[in-house]
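# Topology and contacts: notes
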Amino acid sequence: MEAMRWAAGLPVSGVPDTPTPNHAQVLNLSLGVSSEPCTNFEQAVFAEILSAGTVKAIVTAAGNDGGAASQSSPGSCDGAVNVAGILISGAKASASNFGAGVTVAAPYGSSANDGVGSSGAILSLGNDGTTSFIASPGGDIVLEVGGTSFSAPLVSGVVSLMLSVNPNLS
């Protein structure tokens, strides 16, 4: 929540202010907690950020539990652009959260539960090195990924492109 505040240009204790005019206009939160609706603290931060006026959209991943998006945080906060996942066929990805808490759906990628396999995967760049306290870099690789954490950045990119054409969009 503090990182969101900092990106929006709001003061954060013990951290230098965001250089003006480099405040974010779109925040992407590809994270969440299942079975926990938006907390009062999260809602207060969302409200503070959106009322400050620099951030035009807070895009969130709806979650991958196949449950109600209204029961997953932070996507259930008022003001969130909450993104569910759809398959290449246009059907809802079975693991994607759904319902009234969803704002929009975007490509989800592949899911073993949906029987799509790699034909519906979102391709992402990665590294085949180890991940530990002492990281060992490896070679560049292409990964086949899926989930609403990959759907949300697609929407964030579209919103950013829309704002580049018309900065007055709300």
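In short, a report on the structure. (Residues numbered from 1 in each chain as written. Predicted model: local features only at pLDDT ≥ 70, side-chain atom pairs only at ≥ 80, totals over all residues. Heavy atoms only, no water.)

## Overview of the overall build of the chain
Looking only at helices and strands, one finds three helices and six strands in the chain. Reading the chain from its N end, one meets helices and strands in the order α-β-α-β-β-β-β-β-α. Taking 170 residues into account, the globule formula puts the C-alpha radius of gyration at 15 Å, and the chain, at 17 Å, falls close to it. Counting only contacts in the chain whose residues sit at least 6 apart along the sequence, the fraction spanning at least 24 positions is 55%. (Helix = DSSP H or I, 4+ residues; strand = E, 2+ residues; numbered from the N terminus. Rg over C-alpha atoms; globule rule 2.2 N^0.38 Å. Contact = heavy atoms within 4.5 Å.)

## Focus on the pattern of salt bridges
Following the criterion strictly, the structure yields two salt bridges and no others. For E2, the salt bridge goes to R5, with nearest N and O atoms at 3.6 Å. Here the residue E2 and the residue R5 both occupy positions in helix α1 (residues 2-7), the gap between them amounting to three residues, near one helical turn. Here R5 makes a salt bridge to E48, at a shortest N to O gap of 2.8 Å. Of this pair, R5 sits in helix α1 while E48 sits in helix α2 (residues 40-52), and the two are 43 residues apart along the sequence. Classification of R5 by relative accessible area gives buried; the value is 13%. Look at E48 and you get partly exposed, because its relative accessible area is 31%. (Salt bridge = Lys/Arg side-chain N within 4 Å of Asp/Glu carboxyl O. Buried < 20%, exposed > 50% of the residue type's maximum accessible area, 1.4 Å probe, protein only.)

## With respect to the state of the cysteines
Applying the stated criterion across every chain yields a total of one disulfide. Each sulfur in the disulfide pair C38 and C77 lies 2.0 Å from the other. Torsion about the S-S bond of the C38 and C77 cystine: about 90 degrees, corresponding to right-handed handedness. Linking C38 in the loop between β1 (26-29) and α2 with C77 in the loop between β2 (57-61) and β3 (80-86), this pair joins segments that are 39 residues apart in sequence. (Disulfide = S-S within 2.5 Å.)

## Digging into the environment of I49
For I49, the position within the fold is in helix α2. Taking the C-alpha atoms as reference points, I49 and W6, separated by 43 residues in sequence, lie 9.5 Å from one another. Among all residues touching I49, those that are not within four sequence positions of it are M4, R5, A8, L10, L27, V55 and I58.

## Considering the environment of S72
With respect to the element layout, S72 can be found in the loop between β2 and β3. With 53 residues separating them along the chain, S72 and P19 place their C-alpha atoms 33 Å apart. Leave out the neighbours within four places in its chain, and S72 touches V33, S34, E36, A62 and N97.

## Concerning helix α3 (residues 148-165)
In a regular helix each residue adds 1.5 Å, so 18 residues correspond to 26 Å; α3 covers 26 Å between its end C-alpha atoms and thus fits that length. Of all the residues in α3, the buried ones are T148, S151, A152, V155, S156, V159 and L163. Angular distribution of buried residues about the axis of α3 spans 140 degrees; they occupy a single face of the element. In α3, the exposed residues that point more than 90 degrees away from the buried face are L161, S164 and V165. On its buried side, α3 packs onto β1, β2, β3 and β4 (104-107). (Expected span 1.5 Å × (residues − 1). Arc of directions from axis to C-beta.)

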